[in-house]
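# Descriptive analysis of the structure
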Amino acid sequence: MNLSFAPVADSDFEALFALRVAAMRPSLERLGIFNLDHARKRFERQFAPQYMRHICVDEGAGPQRAGLLTVVPYEDGPLKLQHLYLLPAWHNRRIGDWAMQQVQNQARREGRAVWLEVLNQSDAIRFYERHGFVQTGGDPIDLLYQWTPA
């Protein structure tokens, strides 16, 4: 399996919004806060193709878009891991591990920390903790995590 990134264009909004809903809906429903209109408005505010990349998987039949990675650099500050989503069909295949390794490699090269927000009670918490992220704060909805290169 070959993994790569591809650029995101403005025209990818609807497909990426559907991907985000597929990835986030179970966690949001578990918290009792899923609202499709709110989700769309939030994603519209965060949609920045210049920082976004499709996560592509090629198993021999040509690349398929499996997920989304968004890393926003803050001037003289950390990298914000804004989105790391995989379509459910691509879960548990180490694709997220590969994408996280790319983010952490970038952070090491640039000498920056990486921070993110994750939904409370999300299955992703274990993933981020496994990759060395440490909880630094939060509220009943979102938890804040940070990873700092050694």
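What you see is a predicted model; the values in this text were computed from it and never measured. Residue indices follow the written sequence of each chain, beginning from 1 at its first position. Only residues with pLDDT of 70 or above have their local features reported here, since the model is predicted, and side-chain atom pairs are shown and tallied only from 80 upward, although totals for entire chains, interfaces and linings are computed over all residues. Note that water and hydrogens are dropped before the side-chain values are worked out from all heavy atoms of the structure.

### Re the packing of aromatic side chains
- Aromatic rings from Phe, Tyr and Trp, taking only the six-membered ring of Trp, are treated as a pair when their centres fall within 6.5 Å; an angle between ring planes under 30 degrees marks them as stacked, one over 60 as edge-to-face, and anything in between as tilted. Tallied over the full model, the rule gives nine aromatic pairs.
- An angle of 20° between the planes, with centres 6.0 Å apart, marks the rings of Tyr 74 and Trp 115 as stacked. Of the two residues, Tyr 74 sits in the loop between β3 (63-73) and β4 (79-86) while Trp 115 sits in strand β5 (residues 114-119), which places them 41 residues apart along the sequence.
- Among the aromatic residues, those joined into a ring-pair cluster are Phe 13, Phe 17, Phe 43 and Phe 47.
- Counting as a charge over the ring demands two things of the Lys NZ or Arg CZ atom: a distance within 6 Å of the ring centre and an angle within 35 degrees of the ring normal. Lying over the aromatic face of Phe 5, Arg 53 brings its terminal NZ or CZ to 4.3 Å of the ring centre. Note on conventions: DSSP H or I runs of at least 4 residues are helices, E runs of at least 2 residues are strands, and numbering of each starts at the N terminus.

### What about the sheet that holds strand β2 (residues 52-58)?
- Each pair of strands is called paired provided DSSP finds at least two bridges between the two strands. Pairing within the open sheet is mixed, and its seven strands lie in the order β1-β2-β3-β4-β5-β7-β6. Taken across any chain shown, the strands that pair with only one partner, and hence form the sheet edges, are β1 (2-7) and β6 (134-138). On average, adjacent strands in this sheet sit at an angle of 30° to one another, irrespective of strand direction.
- One ladder, built from four bridges, connects β6 with strand β7 (residues 142-147); its direction is antiparallel. Opposite Val 134, over in β7, you have Gln 146 as the bridge partner.
- Seen against the sheet, helix α1 (residues 13-30) touches β2, β3, β4 and β5 and runs at an angle of roughly 90° to β4.
- Packed on one face of the sheet, helix α3 (residues 95-110) meets β1, β2, β3, β4, β5 and β7 and runs near 165° to β4. Axes, fitted as lines to C-alpha atoms, cover a helix only where it is in contact. Angles between the N-to-C directions of the axes lie from 0 to 180 degrees. The criterion used for residue contact is that any of the two residues' heavy atoms lie within 4.5 Å.

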